[in-house]
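Residues per chain are reported as follows:
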Amino acid sequence: MMPIAVAGATGHIGSLTVTALEEAGHSVVRISRAHAVDLVTGDRLDDALAGVEAVVDTTNANATDTHEAVAYLGTLTRNLLAAEQRAAVRHHVLLSIVGIDRVDGNAHYAGKREQERLVAEGSVPWTIVPATQFHDFAAMVAGWSEHDGVANIAPLLVQPIAPTDVARILAELVTGETRGRYVDVAGPEPQDLVDMARRTYHARRQDLKLVPSWNGTFGLEMAGNVLLPSEGARIAPTTFDEWLAAGAR
Ligand SMILES: NC(=O)c1ccc[n+]([C@@H]2O[C@H](COP(=O)([O-])OP(=O)(O)OC[C@H]3O[C@@H](n4cnc5c(N)ncnc54)[C@H](OP(=O)(O)O)[C@@H]3O)[C@@H](O)[C@H]2O)c1
């Protein structure tokens, strides 16, 4: 049983990771601004990490501009790693995204690359876990452009993974040995993002007209196989259909 901190503990994956760790009997320190710990300012961070052996970073940034995303995730990661070093943390696990090195123009991906660089060049022993898009990703993306019952969405080819599967894998890895760059982590089946969004809205009994388009947040550089997992990926069990049938949340 280990004392483990989850950074981003109020978030989608962070809260599921807290649950997975607590179910396995570990004591979990929750890090987020809602828990009065701010990773950008560093407020209360040293107190939060006292006695912690491992940290899993599931934080996120809302920035849509590349400079802002790199600055936000970069500052947050620098502060977290420096505090971990002071607290003699033995293992830092970063949740990242499959394919970010294959796409130049996405602001969030630039921020994630900066996080990966800082973790890999830092002195806290680490594991980076690249995951594919989550099962709820399509509906989230459609929500970004929704206006008067209509949303644009790019027909991305993805191999989505269930949020609970991601959380279980993070909980397993953070309690084990450091792995460096871990294999890609993905769900069992490729999907088309427009079809996923349509089926998610249907399962949630919500009406939305979806317009397939490359003119929104995701451009043509994200077409083709760029977001698919590499050979040797770890394939998680929960299918998109099973996730829909379980309530699509
Ligand atoms: N969505 C996908 O399909 C997908 C696929 C692969 C990987 N990922 C990656 O998965 C990660 C987690 O995504 P998610 O959807 O679970 O995120 P989320 O729900 O937006 O949660 C983000 C968490 O970060 C915390 N946070 C943000 N800024 C903070 C700060 N300054 N100090 C302390 N805590 C802060 C938030 O808490 P407070 O607001 O309370 O501070 C929240 O707990 C992201 O890095 C994303 O890139 C996503």
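Scroll up to find the structure.
Thresholds applied
Residues numbered from 1 in each chain as written. Predicted model: local features only at pLDDT ≥ 70, side-chain atom pairs only at ≥ 80, totals over all residues. Heavy atoms only, no water. Near = heavy atom within 4 Å. Polar contact = N/O pair within 3.5 Å; in protein donor to acceptor, adjacent residues only side chain to side chain. Areas by Shrake-Rupley, 256 points an atom, 1.4 Å probe, with all protein chains shown as cover. 1 Å grid on protein atoms, 1.4 Å probe; cavity = no way out; pocket = protein on both sides within 12 Å on 5 of 7 lines; lining within 4 Å. Sits in = over half its atoms within 2 Å of the grid points. Helix = DSSP H or I, 4+ residues; strand = E, 2+ residues; numbered from the N terminus. Nonpolar A, V, L, I, M, F, W, Y, C, P; charged D, E, K, R; others polar. Core = buried A, V, L, I, M, F, W, Y, C linked by side-chain atoms within 4.5 Å. Buried < 20%, exposed > 50% of the residue type's maximum accessible area, 1.4 Å probe, protein only. Points joined across faces, edges and corners; volume = space filled by probe spheres on them. Contact = heavy atoms within 4.5 Å. Lys, Arg positive; Asp, Glu negative; His and termini not counted. Salt bridge = Lys/Arg side-chain N within 4 Å of Asp/Glu carboxyl O. Pairing = 2+ DSSP bridges. Right-handed = clockwise from strand over helix to strand, strands pointing away.

### A look at the site of the ligand
- Within the structure, the ligand sits among 27 residues, and Thr10, Arg33, Thr59, His108 and Lys112 are positioned closest to it.
- Residue Ile13 places a main-chain N or O atom 2.9 Å away from an oxygen atom belonging to the ligand.
- In isolation the ligand has 930 Å² of accessible area, and contact with the protein removes 87% of it.
- In this structure the site holding the ligand corresponds to the largest pocket.
- For the shell around the ligand, the leading source of residues is strand E4 (residues 91-97), giving 3 residues.
- The residue makeup of the shell around the ligand, split by class, is 12 nonpolar, 12 polar and 3 charged.

### Focus: the nonpolar core
- By size, the foremost hydrophobic cluster in this structure holds 29 residues, and its most contacted members are Ala142, Ile153, Leu156 and Leu193.
- Core analysis: the second largest hydrophobic core is formed by 25 residues, Met2, Ile4, Val56 and Ile161 among them.

### Considering the layout of surface pockets
- Of the voids in this model, the largest pocket is the one considered here, and its volume is about 1300 Å³.
- Considering the residues around the largest pocket, the lining is formed by 42 residues, among which Thr59, Asn60, Ala61, Asn62 and His108 are closest to the centre.
- If you list the elements that add at least two residues to the lining of the largest pocket, you get helix H1 (12-23), helix H3 (66-86), E4, helix H4 (107-121) and helix H5 (137-145).
- Looking at the lining of the largest pocket, the element that brings in the most residues is H4, giving 4 residues.
- Residues belonging to the lining of the largest pocket are distributed by class as follows: 20 nonpolar, 17 polar and 5 charged.

### Details of unusual backbone geometry
- If you check the backbone angles, Arg205 has positive phi at about 55 degrees while not being a glycine.
- Tracing the backbone through its elements, the reader meets Arg205 in the loop between helix H7 (193-203) and strand E11 (209-212).

### Thoughts on the environment of Gly14
- Here Gly14 is to be found in helix H1.
- Considering only alpha carbons, one finds Gly14 and Ala167, 153 residues apart in sequence, at a separation of 7.4 Å.
- Apart from the residues lying within four places of it in its own chain, the contact partners of Gly14 are Val6, Gly8, Ala9 and Thr58.

### Some words on the side chain of Asp136
- Assignment of secondary structure puts Asp136 in the loop between strand E5 (126-131) and H5.
- Within the buried core, Asp136 has no salt-bridge partner, and the shortest N-O distance to an opposite charge, that of Arg204, equals 5.8 Å.
- For Asp136, the side chain forms a polar contact with the side chain of His12, separated by 3.2 Å.
- Once residues lying within four places of it in the same chain are set aside, the contact partners of Asp136 are His12, Pro163, Arg204 and Trp243.

### Quick look at the pairing of strand E1 (residues 3-7)
- For E1, the buried fraction is high: 4 of the 5 residues fall into the buried class.
- Note that E1 and strand E2 (residues 27-31) share 5 bridges and pair parallel. When the bridges of E2 are listed, Ala5 appears paired with Val29.
- Tracing the backbone out of E1, into H1 and back to the parallel element E2 gives a crossover that is right-handed.

### Re the side chain of Ser213
- Of note, Ser213 is situated in the loop between E11 and strand E12 (234-235).
- The exposure class assigned to Ser213 is buried, which follows from its relative accessible area of 14%.
- Not counting the four nearest positions on each side in its chain, Ser213 is found in contact with Asn152, Ile153, Ala154 and Pro155.

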